[in-house]
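For reference, the chains in residue letters:
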Amino acid sequence: MNGIDAVLFDRDGTLVHDVPYNGDPALVRPVDGARAALGLLRARGVGVGVVTNQSGVARGLLSTADVRRVDERVRELLGPFDVWAVCPHGPDDGCPCRKPRPGMILWAAERLGTAPERIAVIGDIGADVAAARAAGALGVLVPTPQTRPEEVAAAGHVAADLTTAVRALLRGRGALGRVLADERPVAAAFGSAGRTG
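S.K.: Describe the packing of aromatic side chains, listing the residues and the values that go with them.
M.R.: Evaluated as defined, the whole model comprises one aromatic pair. An angle of 85° between the planes, with centres 5.2 Å apart, marks the rings of phenylalanine 81 and tryptophan 84 as edge-to-face. You'll find phenylalanine 81 and tryptophan 84 in the same group, each marked buried. It is arginine 42 that lies over the ring of phenylalanine 81; its NZ or CZ is 5.3 Å from the centre. Seen from the ring of tryptophan 84, arginine 75 lies directly overhead, with NZ or CZ sitting 4.2 Å from the centre.

S.K.: Go over the side chain of aspartate 71, please, and point to the residues and values.
M.R.: Looking at where aspartate 71 falls in the secondary structure, it is placed in helix α2 (residues 64–78). Side chain to side chain, aspartate 71 and arginine 11 meet in a polar contact 2.5 Å long. Of the polar contacts made by the side chain of aspartate 71, one reaches the side chain of tryptophan 84; its length is 3.1 Å. Leave out the neighbours within four places in its chain, and aspartate 71 touches Arg11, Trp84 and Val86.

S.K.: Tell me what's going on with the sheet that holds strand β2 (residues 47–53), and back it up with residues and numbers.
M.R.: An order of β3-β2-β1-β4-β5 is seen for the five strands of this open sheet, with the pairing classed as parallel. Each edge of the sheet is formed by a strand with only one pairing partner; in this case those strands are β3 (83–87) and β5 (138–141). Averaged over all neighbouring strand pairs, the angle between strand axes comes to 20°, with direction disregarded. With five bridges joining them, β2 and β3 adopt parallel strand pairing. Pairing of asparagine 53 across the sheet is with cysteine 87, part of β3. The strands touched by helix α4 (residues 126–135) are β4 (119–123) and β5; relative to β5, the strand with the most contacts, the crossing angle is about 170°.

S.K.: Can you tell me about the pairing of β5, naming the residues and giving the values?
M.R.: Every other side chain in a regular strand lies on the same face of the sheet, so the side chains alternate between the two faces. In β5, alternate side chains face the same way, and those of Leu138 and Val140 on one face and Gly139 and Leu141 on the other are all buried. In the sheet, β4 pairs with β5 via four bridges, with the strands oriented parallel. Along β5, the bridge assignment pairs glycine 123 with leucine 141. For the crossover that starts at β4, traverses α4 and ends in the parallel β5, the hand is right-handed.

S.K.: Break down the pattern of salt bridges for me, citing the residues and quoting the values.
M.R.: Considering all chains together, one arrives at 10 salt bridges under this definition. In this structure, the salt-bridge partner of arginine 148 is glutamate 151, at a minimum N-O distance of 3.5 Å. Through salt bridges with shared partners, a single network forms among Asp10, Lys99 and Asp128.

S.K.: I'd love a proper account of the pairing of β2, names of residues and values included.
M.R.: Along β2, six of the seven residues are buried, which leaves the element largely enclosed by surrounding structure. Relative to β2, strand β1 (residues 6–9) is paired through four bridges, and the arrangement is parallel. Directly across from alanine 6, in β2, lies its bridge partner glycine 47. Viewed along the sheet, the connection from β1 through helix α1 (residues 34–43) into β2 turns out right-handed. The handedness of the β2 to β3 crossover, carried by α2, is right-handed.

S.K.: How would you sum up the environment of alanine 159? Please name residues and give values.
M.R.: The residue alanine 159 is located in the loop between α5 (149–154) and α6 (162–171) in this model. Given the relative accessible area of 1%, alanine 159 is considered buried. Sequence-wise, alanine 159 and proline 143 are 16 residues apart; in three dimensions their C-alpha atoms are separated by 7.5 Å.

S.K.: Report on the nonpolar core, specifying residues and quantitative values.
M.R.: Within the largest apolar cluster, 31 residues are counted, with the highest numbers of intra-cluster contacts made by Val7, Phe9, Leu15, Leu78, Ile122 and Leu162. Secondary structure elements with two or more residues in this core: β1, α1, β2, α2, β4, β5 and α6. Ranked by the residues each element gives to this core, the list is headed by α6, at five residues. Setting aside its immediate chain neighbours within four residues, isoleucine 122 contacts Val7, Leu8, Phe9, Asp10, Thr14, Val140, Val142, Leu162, Ala165, Val166 and Leu169.

Calculation criteria
Residues numbered from 1 in each chain as written. Predicted model: local features only at pLDDT ≥ 70, side-chain atom pairs only at ≥ 80, totals over all residues. Heavy atoms only, no water. Phe/Tyr/Trp six-rings, centres within 6.5 Å; stacked < 30°, edge-to-face > 60°. Buried < 20%, exposed > 50% of the residue type's maximum accessible area, 1.4 Å probe, protein only. Lys NZ or Arg CZ within 6 Å of the ring centre and 35° of its normal. Helix = DSSP H or I, 4+ residues; strand = E, 2+ residues; numbered from the N terminus. Polar contact = N/O pair within 3.5 Å; in protein donor to acceptor, adjacent residues only side chain to side chain. Contact = heavy atoms within 4.5 Å. Pairing = 2+ DSSP bridges. Axes fitted to C-alpha atoms, helices over the stretch in contact; angles between N-to-C directions. Right-handed = clockwise from strand over helix to strand, strands pointing away. Salt bridge = Lys/Arg side-chain N within 4 Å of Asp/Glu carboxyl O. Core = buried A, V, L, I, M, F, W, Y, C linked by side-chain atoms within 4.5 Å.

Remember that the coordinates give geometry; whether it matters functionally is a separate question.
Here it is in structure tokens:
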């Protein structure tokens, strides 16, 4: 499909609603369109995966078992993934896998048997896009009310929602732009009210 073999998603704030340092599977709620977006990719034979920072482990707020239980609940709700990577380290640990560093994306590419240049990464913050860029992958930002304006401004590709991002990727790189094809203006991705700044 025009150069993309797989799409890697951030977990919290992208596939599921962000609950800070969530260790409770009962609190997992998919974002609108997550099932549909994943279904579009799976139907086309495009690999899907997750790359997620979970610094709550390093901070002592979560155990690795907590993270596993939440991850399993995401799989129950959204279906199987071809690859799943978790970085449990904190921002000061120097881990090469913690986004915005590219380690998880490079590992996922190797596991999937494809080049990073044939992977897209979809996330809700600048670290997701920066990790994609550092790995040589294509980054797409899907902002939430918590996404900082400077992160939106710095992103090469911005989509209002997951389904829009995936449809543009399926159409090919030529469909990508600053605001993806068929999208509302970037400000509209936040809604008219509810942007907290």
